[in-house]
Amino acid sequence: MDKIRRYFTLLFIGSVLFLSGFAYAQQGQPPTRQQPPQGFLYGVGVGINQEIYRGYKRRTIPLPLIGYRGEKLSVYGPFVSYQLLQHADLTVSAKLAPRFAGFDESDSNVFAGMAKRKSSLDGGIGLQWRKQSWLVEAQVLHDLLGNSKGQESELSVAYGLRFGPVQLEPKLGISYSDSKLVDYYYGVRLNEATANRMPYSAKSAFNYNAGISLSTPVFFGGMTRLGIEHHWYDSTISNSPLTDRDTGVSAFLSWSKFF
């Protein structure tokens, strides 16, 4: 994990230097911030997550998108945000977000004899600070359905780059998951232990991610979004008898259009 942290630190410093240099080169040409359109929207999306569980290669999540964007309320499929406060460049919002995680016995042989770990619905508070092309986001979310009874905090930094009708946004992030959340998805209970699967109690975890997203309105009169992220997982997760990796990649592709 120390090697991963050193790599992430170097990546973070290098990215900040690159983005700062780019921002300096663009001085005198500040990007114009346009108000996003409002109304109802529809579309389709799919998420693919490279799982780190043994014998479980990937999780594919199709998402029919029906949503709404208003002055304060934003609904994008199962993701909901409501603006509570806005002051200058800072926005505070209440948030709802699904947690696509967990497993059942049919997903891999390593889960044979284990109780199902369920996906859930998280809710909490998010903060967003936007200054020209910089975007800093933080949020604290708690499991509302009581499956893990856990909590996760996230912090990310992104920088927007525009090339004609294409918007690129590289991003770096860190998250902290408490022991309840991590142990629910990566722990092995005493009554689930076997000769090949020892009991395991997972602790809290710091995880890191780096990625880039692309959005453009040039296809079929709607907005197309593509995002790719690389994830580095804490040793308390990679040491679980249920996992065999400490890194993974996730991707998301969507298309949406206003009515």
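See above for the structure.
Definitions and limits used
Residues numbered from 1 in each chain as written. Predicted model: local features only at pLDDT ≥ 70, side-chain atom pairs only at ≥ 80, totals over all residues. Heavy atoms only, no water. Core = buried A, V, L, I, M, F, W, Y, C linked by side-chain atoms within 4.5 Å. Buried < 20%, exposed > 50% of the residue type's maximum accessible area, 1.4 Å probe, protein only. Helix = DSSP H or I, 4+ residues; strand = E, 2+ residues; numbered from the N terminus. Contact = heavy atoms within 4.5 Å. Arc of directions from axis to C-beta. Salt bridge = Lys/Arg side-chain N within 4 Å of Asp/Glu carboxyl O. Pairing = 2+ DSSP bridges.

K.L.:
Got a minute to help me understand the nonpolar core in this structure?
P.N.:
As a rule of thumb, nonpolar side chains are buried together in soluble globular proteins. By size, the foremost hydrophobic cluster in this structure holds 19 residues, and its most contacted members are Y53, F111, Y185, Y186, I237 and L242. With five residues, helix 2 (residues 179-186) is the largest single contributor of residues to this core. The contact partners of Y53, leaving out residues within four places of it in the chain, are R59, G102, F103, F111, Y185, Y186, L242, T243 and D244.

K.L.:
Would you explain unusual backbone geometry in this entry?
P.N.:
Residue A88 is not a glycine yet carries a positive backbone phi of 55 degrees. By the element assignment, A88 lies in the loop between strand 4 (79-87) and strand 5 (90-99). In this structure, F220 takes a positive phi of about 55 degrees despite not being glycine. As for its position among the elements, F220 is in the loop between strand 11 (205-216) and strand 12 (223-232).

K.L.:
Looking at this model, I keep getting lost on helix 2. Mind explaining?
P.N.:
Side chains of residues three or four places apart in an α-helix project in the same direction, reflecting 3.6 residues per turn. Looking at helix 2, one finds that the buried residues are L181, V182, Y184, Y185 and Y186. Looking straight down helix 2, one finds that the buried residues subtend no more than 165 degrees of arc, so they occupy a single side. Taken together, the buried residues of helix 2 touch strand 5, strand 6 (120-131), strand 8 (151-159), strand 10 (166-177), strand 11 and helix 3 (235-238).

K.L.:
In this structure, what is going on with the pattern of salt bridges? I would like to understand it.
P.N.:
Enumeration over the complete set of coordinates arrives at seven salt bridges. Between R59 and E51 there is a salt bridge, with the nearest N and O atoms lying 2.8 Å from each other. Accessibility expressed as a relative area gives 11% for R59, which makes it buried. The class of E51 is buried, set by a relative accessible area of 7%. Taking the shortest distance from any N to any O, the salt bridge between E229 and K171 comes out at 3.2 Å. Pair noted here: E229 is in strand 12 and K171 is in strand 10, with a separation of 58 residues, a long-range link.

K.L.:
Which parts of the structure should I look at to understand the pairing of strand 10?
P.N.:
Relative to strand 10, strand 8 runs antiparallel, the two being bridged by seven bridges. The partner of V157 across the bridge, within strand 10, is L172. Pairing between strand 9 (residues 161-163) and strand 10: three bridges, direction antiparallel. Within the sheet, the bridge partner assigned to F163 lies in strand 10 and is V166. Relative to strand 11, strand 10 runs antiparallel, the two being bridged by eleven bridges. Within the sheet, the bridge partner assigned to E169 lies in strand 11 and is S213.

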